[in-house]
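# A look at the structure
Here is how the chains run, residue by residue.
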Amino acid sequence: MNTEKKHLTIAIDGTSGSGKSTAAKNLASVLGIEYIDTGAMYRAVAYKALKEGIPSDDDRAVGDMLAQTEIDFVKGRILLDGEDVSDRIRTLEISRAASEISQLKSCRAKLVEIQRRIASQKSVVMDGRDIGTNVLPHASHKFYVTASLETRAERRLAELKEKGAETTYEAVLKDLRERDHSDMTRKLNPLVRAEDAIAVSTDDLDIGGTLAYLLSHIDR
Ligand code: DC
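Residues numbered from 1 in each chain as written. Predicted model: local features only at pLDDT ≥ 70, side-chain atom pairs only at ≥ 80, totals over all residues. Heavy atoms only, no water.

Looking only at helices and strands, the chain features nine helices and eight strands. Relative to a compact globule of 220 residues, whose C-alpha radius of gyration would be 17 Å, the chain shows 17 Å and is just as compact. Along the first, second and third principal axes, the C-alpha set of the chain runs to 55 × 40 × 30 Å. Looking at the chain as a whole, 50% of its 220 residues qualify as buried. When contacts within the chain are restricted to residue pairs at least 6 apart in sequence, those whose partners lie at least 24 apart make up 74%. Here the chain contributes 33 positively and 36 negatively charged side chains, and the mean placements of these two sets differ by 2 Å. (Helix = DSSP H or I, 4+ residues; strand = E, 2+ residues; numbered from the N terminus. Rg over C-alpha atoms; globule rule 2.2 N^0.38 Å. Buried < 20%, exposed > 50% of the residue type's maximum accessible area, 1.4 Å probe, protein only. Contact = heavy atoms within 4.5 Å. Lys, Arg positive; Asp, Glu negative; His and termini not counted. Charge placed at Lys NZ, Arg CZ, Asp CG, Glu CD.)

As a further point, take the sheet that holds strand S6 (residues 124-128). Strand order in the open sheet formed by five strands is S2-S6-S1-S7-S8, with parallel pairing between adjacent strands. Only two strands of the sheet have a single partner each, and these edge strands are strand S2 (34-37) and strand S8 (198-201). Within the sheet, the average angular offset between the axes of one strand and its neighbour, ignoring direction, is 20°. Across four bridges, strand S7 (residues 141-146) lies against S8 in parallel orientation. Note on S8: the bridge partner recorded for Phe143 is Ile198. Helix H5 (residues 105-121) rests against strand S1 (9-14), S2 and S6 of the sheet, and its axis sits at about 160° to S6. (Pairing = 2+ DSSP bridges. Axes fitted to C-alpha atoms, helices over the stretch in contact; angles between N-to-C directions.)

Take the site of the ligand next. Around the ligand, 17 residues are found, and the nearest of them are Arg43, Arg108, Arg129, Asp130 and Arg186. One nitrogen or oxygen atom from the side chain of Thr38 is found 3.0 Å from a nitrogen atom belonging to the ligand. At a separation of 3.0 Å, an oxygen atom of the ligand approaches a polar side-chain atom of Arg179. Coverage of the ligand by the protein amounts to 98% of the 450 Å² it exposes when considered alone. In this structure the site holding the ligand corresponds to the largest pocket. Sorting the residues of the shell around the ligand by element identifies helix H2 (38-52), helix H4 (92-101) and helix H8 (169-185) as the ones contributing at least two each. Ranked by residues supplied to the shell around the ligand, first place goes to H2 with four residues. Taken together, the residues of the shell around the ligand sort by class into three nonpolar, five polar and nine charged. (Near = heavy atom within 4 Å. Polar contact = N/O pair within 3.5 Å; in protein donor to acceptor, adjacent residues only side chain to side chain. Areas by Shrake-Rupley, 256 points an atom, 1.4 Å probe, with all protein chains shown as cover. 1 Å grid on protein atoms, 1.4 Å probe; cavity = no way out; pocket = protein on both sides within 12 Å on 5 of 7 lines; lining within 4 Å. Sits in = over half its atoms within 2 Å of the grid points. Nonpolar A, V, L, I, M, F, W, Y, C, P; charged D, E, K, R; others polar.)

Looking now at the pattern of salt bridges. Under the counting rule described, the total for this entry stands at 15 salt bridges. Two residues, Lys122 and Glu34, come together in a salt bridge whose shortest N-O distance is 3.6 Å. On the criterion of sequence distance, the pair formed by Lys122 in the loop between H5 and S6 and Glu34 in strand S2 is long-range, its members being 88 residues apart. On the accessibility criterion, Lys122 (34% relative accessible area) is partly exposed. Among the salt bridges present, the one from Arg152 reaches Asp180, with a minimum N-O distance of 2.7 Å. In this pair, Arg152 is assigned in helix H7 (residues 149-162) and Asp180 in helix H8, connecting sequence segments 28 residues apart. Exposure remark for Arg152: the relative accessible area of 3% places this residue in the buried category. We classify Asp180 as buried; its relative accessible area is 11%. Salt bridges sharing common partners tie together Arg77, Asp84 and Asp87. (Salt bridge = Lys/Arg side-chain N within 4 Å of Asp/Glu carboxyl O.)

Time to look at the pairing of S7. Every regular strand shows the same layout, with side chains that alternate between the two sheet faces. Most of S7 is tucked away: five of the six residues are buried. Two strands pair when backbone bridges link them, and S1 and S7 are joined in this way by five bridges, in the parallel orientation. The residue bridging Gly14 from the neighbouring strand is Val145, located in S7.

Rendered as structure tokens:
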């Protein structure tokens, strides 16, 4: 019997608020492998740039900052220069800044390098926007997760309210629409479904249903 474990690289891309992160986290947990939230990496970079007063559209300054920056994942938490910033990066302000900073060449180059290194060392479920198309084009499995703008806005609003944030459905909808636009139209590695990715719409799927669907495509 072959008891050797397969090296799994599972790429999950999709729009903001589509449920891809929850699905990716659950999938990693069931498979007993690491979950890498690449959006959190862009958010961490945006957080540091904001803190240091570096404009999120200044490629050279952000590149210089990143040469002095360490980003790591430990037990599902994101560490920025050794500090756990996982909770602090979940604000609308950081969402906007992350969307902007993720357009910079210096930022993408550095983060993609870290992402590829992690995936070469261990089995991962990695979620983001360009994982199946750019970071791991030879991933063992690829999924593209979406849901309607309205469904995503409702979910995101509930999430933010639970954390005590004061915002409205309209504000969240506007933010998601703008982020979709910037993620899908940016020059470098825009959000697009990889030709060989399995499309998953979560409009009519709950968390359990989404997980079951993903698992049904994974040969363990
Ligand atoms: O998934 P998220 O909302 O946490 O991502 C934050 C921003 O980072 C989002 O606007 C797009 C960007 N991003 C990216 O460009 N590439 C990735 N692989 C992941 C996220």
